[in-house]
Amino acid sequence: MTSADDLSTILSSGMRLTAPLAFAACGEYLAHRAGAINISVEGMMLGAAFGSVAAASVTGSATTGLVAGALVGLLIAMIHGNLVHRAHINTFVVGLVLNALVLGLTTFLIAINTFASHQVSKIEIPLLSDLPLIGEALFTGRWPMYLLLLFIPLTWWLVERSRWGLELRAVGEDPIAADLTGIEVNKRRRQALMWCGLLAGLGGAYLAVGEVGSFNQNMTDGRGYIVIAAVIFGGWRLGRTILGCILFGLADAMRLALPAMGLTLDSNLLIATPYLLAILVMLMFASSKREPRSLGQPFQRTI
Amino acid sequence: MKSSALVPEVAQQVAGIAQAVPAPALELRGISKAYGKVVASDNVDLTINPGEIHGLLGENGAGKSTLMKILLGLEKPDSGIIRRQGADVRIANPQDARKHGIDMVHQHFSLIGPMAVWENVILGDTGAVNRSAACEQVENVAMRYGLPIDPLARVDALSAGERQRVELIKCLRREPEFLVLDEPTSVLTQEESEELFDVLRRMVQSENRAVILISHKLAEITAATDSITVLRKGRVVFHQLTSKTTHQELARQMVGRDVSLLADAAAVGVLPVAGTSDADAEPRRDFSGLPPALGLRELTVVQDGATLLDRFSLDVAPGEIVGLYGVEGNGQSVLGDVLSGLVMPTSGSVAVGGDVVALERADALTRAGIGIVPEDRHRSGVILALSVAENLAMKSLGSVSGKFLLSHRAMRENAQRLMAEYSITAPSPDAPVGRLSGGNQQRLVLARELSNEPRVLVVAQPTQGLDIGAIEDMYGRIRAVASQGIGVLLISTELEEIMTLASRVAVISSGILSGVLAAEDVTAERLGMMVGGAS
Amino acid sequence: MDASKNLAEHGSADPNRRRELLAGLKPSRSTALITLVTAASVLLALALSLGLIAWTGGSAWESVKALYTGSMASKAAWSSTLLYVAPLLLVAIGSCVSMRGGVFNIGQEGQVLIGALAGSWVALRLALPGMSLMIATLVAATVAGALWAGLSSLMYRLRGVNIVVSTLLMTFIAIQVVGFAVSKDWWLQASRIGDSVVESQSNQLPADAQVGSFGEYPNIQINGGLIIAVLLAIGIAVLVSRSRWGLQLKMMGLSPIAAKHAGVKTGRLSAVALGISGATAGLAGAILVTSPVSTNRLQPGVSNGIGWDGLLIVLVARFNPLVAIPVALLFGVLRAGGGFLASTGVPSSLVDVMKALLVLAFVVPPAVVQLAQQRRKRVKTPRTKTPVIKNPTPEGAVA
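Residues numbered from 1 in each chain as written. Chains lettered and ligands numbered in written order. Predicted model: local features only at pLDDT ≥ 70, side-chain atom pairs only at ≥ 80, totals over all residues.

Student: How do you make sense of the sheet that holds strand β9 (residues 227-232) of chain B when you look at a structure like this?
Tutor: Two pairing modes exist for strands in a sheet, parallel and antiparallel, and in both the strands are linked by backbone hydrogen bonds. Residue and element names in this part refer to chain B. Strand order in the open sheet formed by 6 strands is β6-β7-β8-β3-β9-β10, with mixed pairing between adjacent strands. Strands at the two margins of the open sheet, each flanked by one partner only, are β6 (102-105) and β10 (235-241). Taken over all neighbouring pairs, the strand axes of this sheet differ in orientation by 20 degrees on average, direction set aside. Note: strand β7 (residues 178-182) against strand β8 (residues 210-215), 5 bridges, orientation parallel. Each residue of the ladder has a partner; that of L179, found in β8, is V211. Where helix α9 (residues 247-255) meets the sheet, its contacts fall on β3 (53-57), β9 and β10, and the angle it forms with β9 comes to roughly 30 degrees. (Pairing = 2+ DSSP bridges. Helix = DSSP H or I, 4+ residues; strand = E, 2+ residues; numbered from the N terminus. Axes fitted to C-alpha atoms, helices over the stretch in contact; angles between N-to-C directions. Contact = placed C-beta atoms within 7 Å.)

Take a look at the structure:
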């Protein structure tokens, strides 16, 4: 293998590892902008991965699996939203418990079920896919990967240009003022979480019925937390958040590819990279003006 | 436009003759509203004519805000009607009010700092967001009224005056017929205030709108309005064209005639409020010659660019009760926070008995001998979920514990002693404070603070939310404290409270000490002038 | 004078409204209601778990029997249950301290691992005689756990980094640090024997470093770790409920402003509380590698979710270290019994579902009851707009 081939392989595997992160990151990013930080994004992805495989197996259609996965994500997000932004239970408590529940439940269910393998089809864009280095990475892939071309701009548009996004941002920055303006703070946050659930679900489903074709126990393996790290790394800007996802996806790809190439870059270090970078970024830009000011703060009117 | 200055009766006569003069644009008739036993609005009549700036003057609790809340549909009146162009209207919420052309400029809270001006302006609308249209609209309104602003600027980056402009634009672009401004200049500089009033004047004159301006600042209300209504204790006590009244008269009307009576009574030691006066019972000890119990020097607090307390200096002698009077929101709260150790002053010093306190130490103020009954006792005074005994021992854990372990017995004994001494009624020393009535909670705070044997006691709004019996009890206790030689700083927005207790009255206005008077020198006029920031 | 502040003032100026407010705080009726709903929820959680077995074709009764057999039926079963209880309880009691102070540490899993790492290093690399090696091992683990948590405190103090997020992220770094340590022969990787492939784990800890047990099979085996954990639980219970420090901690957790007003150094106290939480988690890590619950080797998966479970225990025990003892026992029973489930054809991960449902059954009812009461009140009293952010967390805690 030439080194150009190696690079091309790493890039294309990096893209495939980035896609699930990028879907979920769009969702988590939007939730953060509304002030609704949620670690249950991990559970949403894992639940969706399982749901997609199960649904694909039952219906025989990977595409149906993808949709089912998104819906599982949505369901978990709605549970989270109601417990946190209606019943006012601490978001981290709810996240911890939901993640534990989803992990336990999916591990249990996969142990007693066997699902037929279904995978969405691959597409190859003629000519472009033959480009050196990036051809394989960008222009061949499972088709849902290209949904990112829809969802990234859509998320951006929703947050920055839509009335809904305007209100979300108001809620994320200053819930008291938003409330005074007549915006229903907790409702907006629940809605933001629903978007987060749909996209995290899509990310998890993509991982399962898109790339792997089956479900393994704890197959997301902390990817939800990496997504949160990516949003923090991105300084609450969508572009940089996606960039973070690509960076983390590539690090993961290198971890997988390097041993085969006989290179020794420590795999533990590579896995730790996203977390280290996120912490580094928080240390460097701690007083980031971009951080939604009410991030993680519950809103409750007294009486 | 002078026509606006027509008194209602004349306007009605004219209306009979010519169609050109409409009925009063907005009338409030017989508006009453009570919160429990507190009457906030008592049969209020108010007439607002187009083309006028109508000043609404009054102290805290005079009922200005309640009245405006009713007008905006935030509160429902117990009785009374609102008429617009002669027809009855029902205003159940701010949306209704908006439909009838009534809008209000909010002062704080309603702008979102990290968002752009144009985004703030359209927040609360519905429908698609159109950035260029919104910016254009902002610029149009800005141009029309002379309120220059960059629609793309982040609100965070704007000065207080510019934020005010944004608030105004946000309101004006809805083309309200009636615009309510509640203390609009509290955060503005002199220059910015003048600009604001110029804009209002232009708007009223050229577009025949009406403005209701709520203020306690005499200078600005006389300079900016066409007619003035003074409210006191929920009632309209005075109404006059601005040109026909004076600062002195307004000050008198705002504060009330009984002030001089109170002052006289205080001077001869016959106080109209029940509660024994220890000053008479035993000969007053002489504390003169001692350093002041509390000495505040040039205290300045700047937060987020706003100067909340501006070179504030005041002495309280041992055994003296000094009342700090002013309209709410003029720096009293932050002064209380400084004296509670919750806010570090930007500059200046606090001295107790002549010794400067090292404020950066967490418990320095308590150790130095400052006891405080805070304004909002649920915020910093008590912890509702903790027991009576725990709350009573909170600031002196050393006295109820060894080096490490708490002595629950000592805590309970301490509690029982203080509960008896201060008549705190509670199911038991172990009951959570949340189960106590307001009066008992307040006595608990007082008991705790006094049990640390302070040299000075700061009491902020000590009777807020208490019933009559509890109020009288509190007054008696505050007097008893002073007679023991403890200096008392009484921060209050209730003039009667101050006049009942204090021998000297200091007045705070916009974070500045606007003057100190001996109780017997207090007249409604002088006090009103100082409260209004005019001296 | 702004609108909302004024409204608040009117609210408090009205004695009637205040009385109503206080009525909501009276424990009597709502406490009873919460207890009732919680009890019902626990039953529901159990029913759901068993229902899940039945629905997936297993036998609920057989599963319960297997859980019992694996955890309580014999002395050996009890022994294995109790071995799990020690680290679980250790994590839980430290978390009680931080939670009571309103400092939300969710990085226990990582702190456990770092404790295990430091303990293993001392045990394998320091040549200390006899008992002193064991003591040094435990102390090193405790200190390491505290320091690892202390990094989050430091990051908060220096740069305002959110404590919850940093403790969470640090967990994943800790996992990799341990993985790194046991895959490097110059650090802690097991020594090569002949030509065999070396696994990613450490050598077995020397016997001197291991925490001894009382009783041997077939009697009940009680490991020293359990004794340490129970004694510490009692000690921490005394600390939080009987000491001066504990009262200050509670004050800070309930109302940071009032605590600061009363002279509590909230910044330092938060850091200490977080440090204690990290310390007991670190100690739990040492117990994991030095007691018979493991193979006495440092392995990447040695924490095995103990840190997460310890956190869940605190939520059920509502921050009470003594209540944490029976709850930890229950979680130990589920862990030990879970191993036996597989024999009935029901996957052991069922116990994870049960644990999560149980925690939900304890966490959700109080909030829901409160919500229902607020709803009722809102219907009764006219709506007033008094938007105030309820945010009772001290420095260092995430809101």
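Past the structure itself, the notes keep going.
Student: Honestly, unusual backbone geometry in this entry has me stumped. Any pointers?
Tutor: Across residues other than glycine, the phi torsion is negative in most instances, and most of the peptide bonds are trans. Residue and element names in this part refer to chain A. In this structure, D221 is a non-glycine residue whose phi angle is positive, near 45 degrees. If you trace the backbone, D221 turns up in the loop between α9 (185-212) and α10 (223-233). Look at D221 and you get partly exposed, because 15 C-beta atoms sit within 10 Å. In this structure, W236 takes a positive phi of about 60 degrees despite not being glycine. (Buried ≥ 20, exposed ≤ 12 C-beta atoms within 10 Å, placed from the backbone.)

Student: Quick question: what am I supposed to make of the nonpolar core here?
Tutor: A general tendency of soluble globular proteins is for nonpolar side chains to be buried together. In this structure, L490 of chain B together with L89 and A324 of chain C are the most contacted members of the largest nonpolar core, which totals 383 residues. Leave out the neighbours within four places in its chain, and A324 of chain C touches L89, A92, I93, C96, A233, I313, V314 and A317 of chain C. (Core = buried A, V, L, I, M, F, W, Y, C linked by C-beta atoms within 7 Å.)

Student: Please explain the packing of α10 of chain A against helix α12 (residues 267-284) of chain A as it appears in this structure.
Tutor: In a packed pair of helices, the relevant descriptors are the angle between the two axes and the axis-to-axis distance. Residue and element names in this part refer to chain A. Put simply, α10 and α12 touch, their axes get as near as 9 Å, and they point 35 degrees apart. The hand of the α10/α12 crossing is left-handed. Of the residues in α12, those in contact with I226, A229, I232 and F233 of α10 are P274, Y275, L277, A278, V281 and M282. Class assignment of the residues belonging to the contact of α10 with α12 gives a composition of 10 nonpolar, no polar and no charged. (Left-handed = near helix turned anticlockwise from the far one by under 90°. Nonpolar A, V, L, I, M, F, W, Y, C, P; charged D, E, K, R; others polar.)

Student: I would appreciate a short explanation of the confidence of the model for chain B in the present structure.
Tutor: Detailed conclusions should not be drawn from predicted coordinates in areas where pLDDT is low. Residue and element names in this part refer to chain B. Summing up the model confidence of chain B, the mean pLDDT is 84 and the portion of residues at 70 or higher is 88%. The weakest mean pLDDT in chain B belongs to helix α11 (residues 278-281) at 42; the strongest belongs to strand β17 (residues 456-460) at 95. Both scores are given for the predicted complex: the pTM is 0.85, the ipTM 0.91. (pLDDT = per-residue confidence, 0-100.)

Student: How should I be thinking about the interface of chain C and chain A in this particular structure?
Tutor: As a measure of interface size, the accessible area lost when the parts come together is often cited. Across the contact, 46 residues belong to chain C and 46 residues belong to chain A. Examining the composition of the side of chain C that touches chain A, we find that 14 residues originate from one element, helix α15 (residues 350-380) of chain C, more than from any other. Broken down by class, the residue content of the side of chain C that touches chain A amounts to 31 nonpolar, 10 polar and 5 charged.

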